[in-house]
Amino acid sequence: MAKHFPLGFPNEYKTRRALLLSSLFNEPFVSLYPLLPFILLKSLGATAFQIVLLTMLKPVSSIFSLYWSEKISQNRHTLRMSLVGAGLLARLPFLFALFFDNVWLLIGASTLYMLFSRAGIPAWMEILKVNLPDRVREKSFSFGSALGYAEGVLIAIGIGSLLDKSVISWKIFFGSAILLGIIALAIQAFVPMGETKEVIAKPERLSLKESFLRPWIDCYELMKNRSDFRNFQWAFMVGGFGLMVIQPVIPIFFMETLQISFRDLMIAYSICKGLGFVLTSSLWSRALGYFRVGTFTAFVLIGFALFPLLIIAAIAHQYWIYVAYFVYGIAQAGSHLIWHLSGPLFAEGEKSSRYSGVNIVMVGIRGTLGPPLGGLLVALFGPIAVFIISALFCLSGVTALFVRAPKTATSV
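Reading the values: the criteria
- Residues numbered from 1 in each chain as written.
- Predicted model: local features only at pLDDT ≥ 70, side-chain atom pairs only at ≥ 80, totals over all residues.
- Heavy atoms only, no water.
- Helix = DSSP H or I, 4+ residues; strand = E, 2+ residues; numbered from the N terminus.
- Buried < 20%, exposed > 50% of the residue type's maximum accessible area, 1.4 Å probe, protein only.
- Contact = heavy atoms within 4.5 Å.
- Expected span 1.5 Å × (residues − 1).
- Polar contact = N/O pair within 3.5 Å; in protein donor to acceptor, adjacent residues only side chain to side chain.
- Core = buried A, V, L, I, M, F, W, Y, C linked by side-chain atoms within 4.5 Å.
- Phe/Tyr/Trp six-rings, centres within 6.5 Å; stacked < 30°, edge-to-face > 60°.
- Axes fitted to C-alpha atoms, helices over the stretch in contact; angles between N-to-C directions.
- Left-handed = near helix turned anticlockwise from the far one by under 90°.
- Patch = residues over 30% accessible without salt bridge, like charges linked within 9 Å, V, L, I, M, F, W, Y side chains within 5 Å.
- Areas by Shrake-Rupley, 256 points an atom, 1.4 Å probe, with all protein chains shown as cover.
- Salt bridge = Lys/Arg side-chain N within 4 Å of Asp/Glu carboxyl O.
- Parallel < 35°, antiparallel > 145°, perpendicular 65-115°, else oblique.
- Nonpolar A, V, L, I, M, F, W, Y, C, P; charged D, E, K, R; others polar.
- pLDDT = per-residue confidence, 0-100.

Undergrad: For this particular structure, what's the right way to read the overall build of the protein chain?
TA: If you tally the helices and strands in the protein chain, you get 16 helices and zero strands. Relative to its full complement of 412 residues, the protein chain shows a buried share of 56%. Restricting to contacts in the protein chain with at least 6 residues of sequence separation, those with at least 24 account for 86%.

What follows is the structure, encoded as structure tokens:
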């Protein structure tokens, strides 16, 4: 049967297929990667300082990925090269680090993974923007994400107990997942690019100083000129900061206070979180077409505010950890959608990579301050106080949204 392609989107079918397949092949590593702090603590004897450093460097590396994505915004013809280059540089150092039982090597590999995996996002989002109509892009991206999370649930069921039984099995799983991620990268690389009416400007020759400052100036100008996008970013910044504060606290709290096993951790993180994500992903996709961006983001931040409060309840009974991650998965489904698609949503007829680049650098800025502050607060006041502070930050993000609600058409 012949495929029907809407006028102006001849590559829609191939792009949707690549989006779904790449989600499936990327998910194994995405599911395993958050376990790294717990593995470093339990299997390699990492210190609290190393865990704080790991959780800080992961988002901070996003700042440097801005320079990679800046090149994309200047020339759309480098999209595929940027996507492939970033994907390989994200995965190959990690594959190398697995051959050694060295905490510092794994921290370095983790930082490079976050840097270049984030750097490749604007290129992939721009390809989706060019090849897919708006509603098709939102639905396909949401379905692909839900499919990946469902796969993560199955992975958790299969390997949770094995991680507790074998000290080296995590390396086998991580290595296999990286190889599958490279296959996902190849699938994305072969997606044909649609044509746009964009006029390609001649690349500017910039000095070293200008090259360093240019991305920051562009981000500043974009935030200055687009008040709706700026307000969205500030609200997401404050709410996201609440999550960053507890990143170094959670692994230590789980391992030392709750003393949960890898099996229970996989049930909570992958199964419960995955179910929350999968069961509500389609609802979030519909909500994005119904609610304004500000209202949509407020619901997400309220969900994130509940997460640290439910973790506190786990002191009374460990089952609350499962509830906490189920709620987190629900909020994550909305956050995943709005964070990735806010660039194309706000960009409208402009290049979305500039907007996606701002998303990435804001992650880096809050990641610079959040984890160290969390490490300091937990040393001074204990983990319970940090979880409460986290919830207050998330709720403050909601307040910021209603105080400065976006008023333009992009606020859907």
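So much for the structure itself; the text now carries on.
Undergrad: Explanation requested: helix α5 (residues 103-119) in the structure shown.
TA: Residues separated by three or four positions in an α-helix point in the same direction, a consequence of the helix having 3.6 residues per turn. End to end, α5 covers 24 Å across 17 residues, agreeing with the expected 24 Å (1.5 Å per residue, within 8%). The buried count for α5 comes to 12 of 17 residues, which makes it a mostly enclosed element. By the burial criterion, the buried members of α5 are V103, L106, I107, A109, S110, T111, Y113, M114, L115, F116, R118 and A119. Backbone nitrogen of W104 and a side-chain oxygen of the N-cap are separated by 2.9 Å at the start of α5; the cap is N102.

Undergrad: How should the nonpolar core be read in this particular structure?
TA: Side chains that are nonpolar tend, in soluble globular proteins, to be buried together. The biggest cluster of nonpolar side chains holds 120 residues, and the ones touching the most others in it are L40, F94, W124, I250, F254, I311 and Y325. The element contributing the most residues to this core is helix α14 (residues 319-347), with 15 residues. Setting aside chain neighbours within four positions, we find Y325 in contact with I250, F254, A268, Y269, C272, K273 and F307.

Undergrad: Explain the packing of aromatic side chains here, please?
TA: Centre-to-centre distance and the angle between the planes together describe a pair of aromatic rings. Counting across every chain of the model gives 25 aromatic pairs. A centroid spacing of 4.9 Å and a plane angle of 50 degrees characterise the contact between Y33 and Y113, whose relative ring orientation is tilted. Separated by 80 residues along the polypeptide, Y33 in the loop between α1 (12-32) and α2 (36-42) and Y113 in helix α5 bring together distant segments of the chain. Here Y33 falls in the buried class, since its relative accessible area comes to 8%. Judged by relative accessible area, which is 11%, Y113 ranks as buried.

Undergrad: Is there a simple way to explain the packing of α1 against helix α6 (residues 121-131) in this structure?
TA: Axes are the key here: two packed helices are described by the angle between their axes and the distance separating the axes. At their nearest, the axes of α1 and α6 sit 9 Å apart, and the two run at 145 degrees to each other. For the pair α1 and α6, the sense of crossing is left-handed. Each of E12, T15, A18, L19 and S22 in α1 lies in contact with α6, whose residues at this interface are W124, L128 and N131.

Undergrad: I tried to follow a nonpolar patch on the surface on my own but got confused; where do I start?
TA: On the surface, F299, I302, L306, L309, I388, L392 and L395 cluster together into a nonpolar patch covering about 600 Å² of accessible area. Of all elements in the fold, only α13 (293-313) and α16 (383-403) reach the threshold of two or more residues within the nonpolar patch. The dominant element in the nonpolar patch, judged by the number of residues it contributes, is α13, at four residues. Structurally, the position occupied by L309 is in helix α13. Accessibility expressed as a relative area gives 41% for L309, which makes it partly exposed.

Undergrad: What am I meant to see in the pattern of salt bridges here?
TA: Any two side chains of opposite charge can pair, given that their charged atoms come close. This model, assessed by the stated rule, comprises two salt bridges. Ionic pairing is found between D101 and K171, a salt bridge with its closest N-O pair at 2.5 Å. On the criterion of sequence distance, the pair formed by D101 in the loop between α4 (79-97) and α5 and K171 in helix α8 (residues 169-189) is long-range, its members being 70 residues apart. Among the residues examined, D101 registers a relative accessible area of 60% and is labelled exposed.

Undergrad: When you look at the packing of α6 against α14 in this model, what are you seeing that I'm missing?
TA: Running from amino to carboxyl end, α6 crosses α14 at an angle of 55 degrees, the nearest separation of the two axes being 10 Å. The orientation of α6 relative to α14 falls into the category oblique. Crossing angle aside, the handedness with which α6 passes α14 is right-handed. Of α14, the residues touching α6 (which contributes I121, M125 and K129) are W339, H340, L341, P344 and A347. Tallied by class, the residues present in the contact of α6 with α14 amount to six nonpolar, one polar and one charged.

Undergrad: Would you explain the confidence of the model for the protein chain in this entry?
TA: Parts of the model with low pLDDT should not have their predicted coordinates read in detail. With 85% of its residues at a pLDDT of 70 or more, the protein chain shows a mean pLDDT of 81. pLDDT under 50 marks residues 1-8. Its contacts with residues more than four places away, or in other chains, come to five contacts. Note that residues 405-412 has pLDDT below 50 and, in this model, 24 contacts with residues that lie over four places away or in other chains.

Undergrad: Just to check I follow, could you spell out unusual backbone geometry for this structure?
TA: If a residue is not glycine, its phi is most likely negative; likewise, a peptide bond is most likely trans. Phi angles above zero are rare outside glycine, and Q259 is one such case at about 55 degrees. Structurally, Q259 is set in the loop between α11 (249-258) and α12 (262-290).

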